[in-house]
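Spelled out from the first residue to the last, the chains are:
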Amino acid sequence: MRSNLKRAGLSLIIGILCLSGILQAKEYLETTYNYTRGLSQSQVWSVIEDEKGYLWVGTQYGLSRFNGYEFRNFYTQHGLPSSIIYDLETDRLGNLWIGTSNGISRWDGKTFKTFRMKGDRIVDSRDLHITRDGKIYFITIDSLGVVRGDNLYSLDGEIDLCRCEYTCITSNAKGELFIGTSDAGVFKIRGNKTFSYNFHNNRATVSALFWDEDESALYIGTDDGLYILQNEQIFLIESTAFLRGHDITSIRKTHHQSIVISVYDKGVYELVDTNWNRIYTSTQLLINTLFTDSVGNIWVGKDGGGLIRLSESPFQNIRSGEGGAINGYPMAIEEAPDGSIWIATTRFGVYHLEDRNDINPEHYIDFLGASGNIVRSIVVRKDNSVWMGTAGGIAVLKDRKFKTYSTQNGLTNKTVRNIYEDSEGMLWISTDYGITLYRDGEFSSFKGNNRFHHKNITQVTQDNNGVYWIATLGGLYKFDGDKLSRYKPPDYPNDMQVETIFIDSQNTIWIGGVDGLAQINPDGDFKRFGIVDGFDINFIYFIIEGKPGEIWIGTGNGLYRYFNEQFHHYTEQNGLVGIEANARAALKDRAGKLWFGFLNGISIYKEIEKYAFIRSPVVYIDELIVDGSKVNVSGKVELPYTSREFFFRFHSIALNPAHRVQYQYQLSPLDDSWSVPTNQRFKQYSYLKPGHYQFRVKAIINNETESLLPGVIEFYIVPPIWLRWWFIISTGLLIATIITLFVFLRLRRLEREKAALHEAVKERTRELEEKNKELESFAYTVSHDLKDPVGVIVGYAQVMEDFLKKKKVSGANHFLEGIKRNSDKIVRFIDDLLQLSRSGKVVEKFTETDVRVIVGQIKKELIEKGRIKKENLTFRKLPKVNADFDRLYLVFLNLIKNAYKYRARGRKLKITITYERLPDAHLFKIKDNGIGIEAEMIDEIFKPGVRLKSVDTVGSGFGLRIVQKIVEAHRGKIWVESQVGKGSTFYFTIGFLE
Ligand code: ADP
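Residues numbered from 1 in each chain as written. Predicted model: local features only at pLDDT ≥ 70, side-chain atom pairs only at ≥ 80, totals over all residues. Heavy atoms only, no water.

Here we come to the side chain of threonine 170. Structurally, threonine 170 is set in strand S15 (residues 166–171). Residue threonine 170 is classed as buried on the basis of its relative accessible area, which comes to 8%. Apart from the residues within four sequence positions on either side, threonine 170 is in contact with His129, Glu176, Leu177, Phe178, Leu209, Trp211 and Leu218. (Helix = DSSP H or I, 4+ residues; strand = E, 2+ residues; numbered from the N terminus. Buried < 20%, exposed > 50% of the residue type's maximum accessible area, 1.4 Å probe, protein only. Contact = heavy atoms within 4.5 Å.)

Shown next, in the form of structure tokens:
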């Protein structure tokens, strides 16, 4: 019973601590980023977060951009004027301004642009500041400057402060500038007026300034403590007296709106009420700067040692052992009706805490011998009696007095593992040899004790239906108040070692032990968790429910949270006090807080308040790698259809590890839905069909906050040429064009050939005409030339006849007659020949020709010559036609003459000429009753020179040929029908001519 003494001692220490104003209540998780983790260099001068959520870090050698996973570094080769980066600021347009040892640079998201002083004076920009209205000021060791246009201007000529060193600069919403100095206090500049503020009695060096707009106060960090300038008054915050002689290097506000400062050679402190909570201690590696980000982290930039992230731990820890509130392994945690907490330990008895912040709890030990200090279970009953199950029996504390019970009082075994108070107030005491029941001052043995296969009972609990579940190291049992039965899981050994059993709000029974985690759901289905569920831990020590459906599992390898069918792992890195859990050491208190017991102490889970500044996570798709080469995704993305492997890399800025980022992605139209959440920041697809695609990724922070807008990449896999619509259309068009062209060319060729043929025909016709003409003139000439000598022969024959008459020579007349007759014949022949050659000229001109007149004249002529008599030739209804009168006359003359010539002897000649008007021509018929023409000769008679043997020698055989030529010249035809011995009918037509 040393508790009171210990308590007094501790109170004294706490009092001293409070005097100096230091607390250590809130726990922060530390993560270090240095050169080996990708930071450009480990001497950090400045840290800032940009609009997109990237963290920028300026170091002694390089500028680093952090996305929560990795750093990207920039140096002079990227366009920075110097690789020594002193200060970083962001402007309203989202640009990053970088104060370097060689001028100021601006990063617009793509390139760096350098700003220099006119006259090329090198500017050592140690401190940059951008006012609310966007003016960019900078200080060097001895001057104040401003960015104007593309240049830097010194304001030394306009504003004269002091002959001193400028150390820092800030401004307020009114546009007033504040400048801290090394030994002349703080200056305020309003317009071109300056105001000077000094400290009471010493010349403190100002090392940091922070304007708090909410309080209209300027925090001034010095080597003499923290001052506040408010309402033109300057005063020291008393509780910072302990910082005298130490530089305050940065002042910031946390997302809790508390002030946090970094002290160069001491650490980081948060102002809570009027006390300072030391949240980071650093003695060896010094602190240059501090930054509070939008998701609640505090970033510490060290002077060597890199960058430290401090993020609030989700656990508050009660440590066991030296310096902790308790000792030993916490085995059971129980809340009393008054809200106080009882903690059972191994070897150190029991602790009683007023609340979770009680660092000096009541301690009970040695109340039941040495084995009684091993306490595995505690139950606080309604009457405030505290029942403790120990390795030496049961101890009951009531009204500060202990009562103890062991085997002699009826316990089945003195090693008590668990005490459970059922719904009727009965205690079920699990021991290493069965179960003892306690009710109304009586211990009794559970009637089914001899039916357990293993006597080590670990826990008894009751489900929502009042059924008891009994966990043993040799299987699970069910007791319905009447019957005890062994629960036989399907496909699983019956003798599983059950260390703990828990029934959740859904009446799902959770069991855990050496054989891992299993579940019996309300339908009775048994499920054992394994690697496929993302959980293959074998040593399960406790199971408890947080908010409904959220199961926490204490294992031999840290704590797991099972929610939405997913496991989240917590270890010391997440602020957990340790990783080796203790059997059944878990509590959900009335306030809903969860207590977890580990070998090293107790971790209390507090759901960190949702951060006021937490933004919906923005997802950046960094890369698309297709078949091993990076694709530029800034513009329109077109990929060949031969592309095979598509590799997407993405990230969301995840500055806080406690709020794990998970990703869900979807490739439309391939994926129907979002993928299951994953921590992977890449996704690969293979063999995508040609077409349009959209790849989207969203991030989910802590299973709760989802991206408002997913990251999107759209791309198009260009189909092979033969599948593209334009190709199909243009190919169709091309084919159509080719066909058209082919047809066209063919037609043109034919056209040309036709024209050529036409030309040739014309040419031939002309040639023929020429030949004809030649022939005509030849025939004509020949005829003429022949006619004269024949005339001479006839003349000489006449002369000879006269001579012989005078000489009275007789007997020669017969010869002379022969000469005359044959000469006549030659003359007739020549006449006909002349006519034929002339008729080749076809017609001269068409005139109205009365056929009655023609036939009448011929008849008259023939009658006059005594050839025919009037009655031999009749004609009727002969028309007037358009024709060449002379030629048509010749036609009728020839045909009538032939009818006469080839008359049949012995019958009276009868020639009938008739006319018929056809739709398109005049038809004339010349019918005789002459000798007729043999059938085989009918086609021959129109050929020149054809004469029939049987006939006498009156014709030349040219007549019908001439007739035919004339008829044809009148666009007519001539043909004959004939019967030998009966007569012939000659038909001819002439066209309706103009
Ligand atoms: P020709 O000078 O021999 O009469 P044509 O050309 O006028 O020459 O007639 C050719 C032949 O057709 C004649 O030799 C004759 O045999 C036959 N022919 C012509 N007209 C008649 C007719 N009306 N009756 C019988 N035969 C005819």
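Our next topic: a nonpolar patch on the surface. A cluster of nonpolar side chains, Tyr641, Ile721, Trp722, Leu723, Trp725, Trp726, Ile729 and Leu733, forms an exposed patch at the surface whose accessible area comes to about 900 Å². Mapping isoleucine 721 onto the fold places it in the loop between strand S66 (711–718) and helix H2 (725–806). (Patch = residues over 30% accessible without salt bridge, like charges linked within 9 Å, V, L, I, M, F, W, Y side chains within 5 Å. Areas by Shrake-Rupley, 256 points an atom, 1.4 Å probe, with all protein chains shown as cover. Salt bridge = Lys/Arg side-chain N within 4 Å of Asp/Glu carboxyl O.)

This brings us to the nonpolar core. Core analysis: the largest hydrophobic core is formed by 42 residues, its most contacted members being Phe892, Leu895, Ile896, Ile913, Phe924 and Phe988. At the level of elements, helix H4 (851–864), strand S69 (880–883), helix H5 (885–901), strand S70 (911–917), strand S71 (921–927), helix H6 (959–969), strand S72 (974–979) and strand S73 (983–991) are the ones that each hand at least two residues to this core. With 10 residues, H5 is the largest single contributor of residues to this core. Sequence-distant contacts of isoleucine 896, that is, excluding residues within four places in its chain, are made with Val855, Ile858, Leu862, Leu873, Ile911 and Ile913. (Core = buried A, V, L, I, M, F, W, Y, C linked by side-chain atoms within 4.5 Å.)

Summarising the element assignment, threonine 500 is placed in strand S47 (residues 498–503). The class for threonine 500 is buried, based on a relative accessible area of 3%. C-alpha separation for the pair threonine 500 and threonine 985, spaced 485 residues apart in sequence, amounts to 139 Å. Separated by 3.0 Å, the side chains of threonine 500 and glutamine 459 make a polar contact. (Polar contact = N/O pair within 3.5 Å; in protein donor to acceptor, adjacent residues only side chain to side chain.)

Strand order in this open sheet of 4 strands is S35-S36-S37-S38, and the pairing throughout is antiparallel. Both outer strands of the open sheet, strand S35 (375–380) and strand S38 (401–405), are each paired with one neighbouring strand and no more. Each strand axis lies, on average, 20° off the axis of its neighbour in the sheet, ignoring direction. Where strand S37 (residues 393–398) lies against S38, 5 bridges are found, and the strand directions are antiparallel. Paired with isoleucine 394 across the strands is tyrosine 405, a residue of S38. (Pairing = 2+ DSSP bridges. Axes fitted to C-alpha atoms, helices over the stretch in contact; angles between N-to-C directions.)

Once that is clear, we can look at the packing of H4 against H5. For the pair H4 and H5, the least separation of the axes is 10 Å and the interaxial angle reads 50°. The angle between the axes of H4 and H5 places the two elements in the oblique class. Here the hand of the crossing between H4 and H5 comes out right-handed. Between H4 and H5, the contacting residues are Val851, Val853, Ile854, Val855, Gln857, Ile858, Glu861 and Leu862 on the first element and Phe885, Leu888, Tyr889, Phe892, Leu893 and Ile896 on the second. When its residues are assigned to classes, the contact of H4 with H5 shows 12 nonpolar, 1 polar and 1 charged. (Parallel < 35°, antiparallel > 145°, perpendicular 65-115°, else oblique. Left-handed = near helix turned anticlockwise from the far one by under 90°. Nonpolar A, V, L, I, M, F, W, Y, C, P; charged D, E, K, R; others polar.)

We now examine H5. With 17 residues, H5 should reach 24 Å at 1.5 Å per residue; the first-to-last C-alpha distance of 24 Å fits that figure. Its side-chain oxygen at 3.2 Å from the backbone nitrogen of aspartate 886, aspartate 884 defines the N-terminal cap of H5. (Expected span 1.5 Å × (residues − 1).)

Turning our attention to the state of the cysteines. Applying the stated criterion across every chain yields a total of 1 disulfide. Disulfide pairing is shown between cysteine 162 and cysteine 164; the S-S distance is 1.6 Å. Judged by its relative accessible area of 22%, cysteine 162 is partly exposed. Take cysteine 164: its relative accessible area is 13%, and that puts it in the buried class. Of all cysteine sulfurs in the structure, the one in cysteine 164 sits closest to cysteine 168, which takes part in no disulfide; the separation is 11 Å. (Disulfide = S-S within 2.5 Å.)

Our next topic: the pattern of salt bridges. Counted under the stated rule, the structure contains 27 salt bridges. Of the charged contacts in the structure, one is a salt bridge between aspartate 150 and lysine 113, with a shortest N-O distance of 3.7 Å. With aspartate 150 in the loop between strand S13 (144–148) and strand S14 (151–154) and lysine 113 in strand S10 (residues 112–117), this pair connects stretches of sequence that are 37 residues apart. Note that arginine 649 and glutamate 623 form a salt bridge whose closest N and O atoms lie 3.0 Å from each other.

Attention now goes to a positive patch on the surface. On the surface, a cluster of positive charge is contributed by Arg821, Lys825, Arg828, Lys865, Arg867 and Lys897. The element contributing the most residues to the positive patch is helix H3 (residues 813–839), with 3 residues. The topology assignment puts lysine 897 in helix H5. (Lys, Arg positive; Asp, Glu negative; His and termini not counted. Charge placed at Lys NZ, Arg CZ, Asp CG, Glu CD.)

In this section: the environment of histidine 363. Position of histidine 363 among the secondary structure elements: in strand S34 (residues 362–364). For the pair histidine 363 and leucine 353, spaced 10 residues apart in sequence, the C-alpha to C-alpha distance is 8.8 Å. Side-chain polar atoms of histidine 363 contact the backbone oxygen of phenylalanine 348, separated by 2.6 Å. Within polar-contact distance, the side chain of histidine 363 engages the side chain of tyrosine 351 at 3.3 Å.

Only one face of strand S22 (residues 233–236) is covered, namely the one carrying Ile234 and Leu236; the face carrying Gln233 and Phe235 has none of its residues buried. Here 4 bridges tie strand S21 (residues 225–230) to S22, and the two strands are oriented antiparallel to one another. Among the inter-strand pairings, leucine 229 is bridged to a residue of S22, identified as isoleucine 234. Linkage of S21 to S22, two consecutive antiparallel strands, is achieved through a turn of 2 residues, within which asparagine 231 is found at a positive phi near 50°.

On to the side chain of glutamate 545. Examined against the element boundaries, glutamate 545 turns out to sit in strand S51 (residues 540–545). It turns out glutamate 545 is buried and unbridged, and the closest side chain with the opposite charge, lysine 588, is 5.9 Å from it. One polar contact links glutamate 545 to serine 505, side chain to side chain, over a distance of 2.7 Å. In terms of polar contacts, glutamate 545 uses its side chain to reach the backbone amide nitrogen of glycine 549, at 2.9 Å.

Let us look at the sheet that holds S22. Taken in spatial order, the 4 strands of this open sheet run S19-S20-S21-S22, and their pairing is antiparallel. Pairing within the sheet leaves two strands with one partner each, and these edge strands are strand S19 (206–212) and S22. When strand polarity is set aside, the average angle formed by the axes of neighbouring strands in this sheet is 20°.

This part takes up unusual backbone geometry. Following serine 668, the chain continues to proline 669 via a peptide bond in cis, the omega torsion being 0°. Mapped onto the elements, proline 669 comes out in the loop between strand S62 (661–668) and strand S63 (682–686). Positive phi, normally seen in glycine, also occurs at asparagine 231, with a value near 50°. Mapped onto the secondary structure, asparagine 231 falls in the loop between S21 and S22. What makes asparagine 231 exposed here is its relative accessible area of 66%. Positive phi outside glycine occurs at glutamate 232, with the angle close to 65°.

All right, on to a negative patch on the surface then. Together, Asp142, Asp156, Asp160, Glu165 and Asp183 make up a region of like negative charge exposed at the surface. Examined against the element boundaries, aspartate 142 turns out to sit in the loop between strand S12 (136–139) and S13.

Counting buried residues along H6, 8 of its 11 residues qualify, which places the element largely inside the surrounding structure. Positive backbone phi, approximately 55°, marks arginine 971, located one or two places after H6.

The subject of this paragraph is the pairing of strand S3 (residues 44–49). Taken across its 6 residues, S3 has 5 buried, putting it largely inside the fold. Pairing of S3 with strand S4 (residues 55–59), which is carried by 5 bridges, proceeds in the antiparallel orientation. Directly across from glutamate 49, in S4, lies its bridge partner leucine 55. Where S3 hands over to S4, the hairpin turn is made up of 5 residues, of which glycine 53 adopts a positive phi near 100°.

With that out of the way, let us pick up the confidence of the model for the chain. Predicted coordinates in areas of low pLDDT are best not read in detail. With 92% of its residues at a pLDDT of 70 or more, the chain has an overall mean of 86. Averaged pLDDT values over the elements of the chain bottom out at 37 in helix H1 (residues 3–20) and peak at 97 in strand S56 (residues 594–598). Considering only residues more than four positions removed or in separate chains, one finds that residues 949–953, a stretch of pLDDT under 50, has 6 contacts. (pLDDT = per-residue confidence, 0-100.)

What follows concerns the packing of aromatic side chains. Taken as a whole and assessed by the stated rule, the structure comprises 69 aromatic pairs. With a centroid separation of 5.5 Å and an interplanar angle of 20°, the aromatic rings of phenylalanine 647 and phenylalanine 682 are classed as stacked. Placement of phenylalanine 647 in strand S61 (residues 645–652) and of phenylalanine 682 in strand S63 is noted, with a sequence separation of 35 residues between them. Judged by relative accessible area, which is 35%, phenylalanine 682 ranks as partly exposed. The interplanar angle of 80° and the centroid separation of 6.0 Å between the aromatic rings of tyrosine 685 and phenylalanine 695 together place this pair among those described as edge-to-face. Here the residue tyrosine 685 occupies a position in strand S63, and phenylalanine 695 occupies one in strand S64 (residues 691–701), the gap between them amounting to 10 residues. Given the relative accessible area of 0%, phenylalanine 695 is considered buried. These aromatic residues form a ring-pair network of at least three members: Phe646, Phe648, Phe650, Tyr663, Tyr665, Tyr685, Tyr693, Phe695 and Phe715. (Phe/Tyr/Trp six-rings, centres within 6.5 Å; stacked < 30°, edge-to-face > 60°.)

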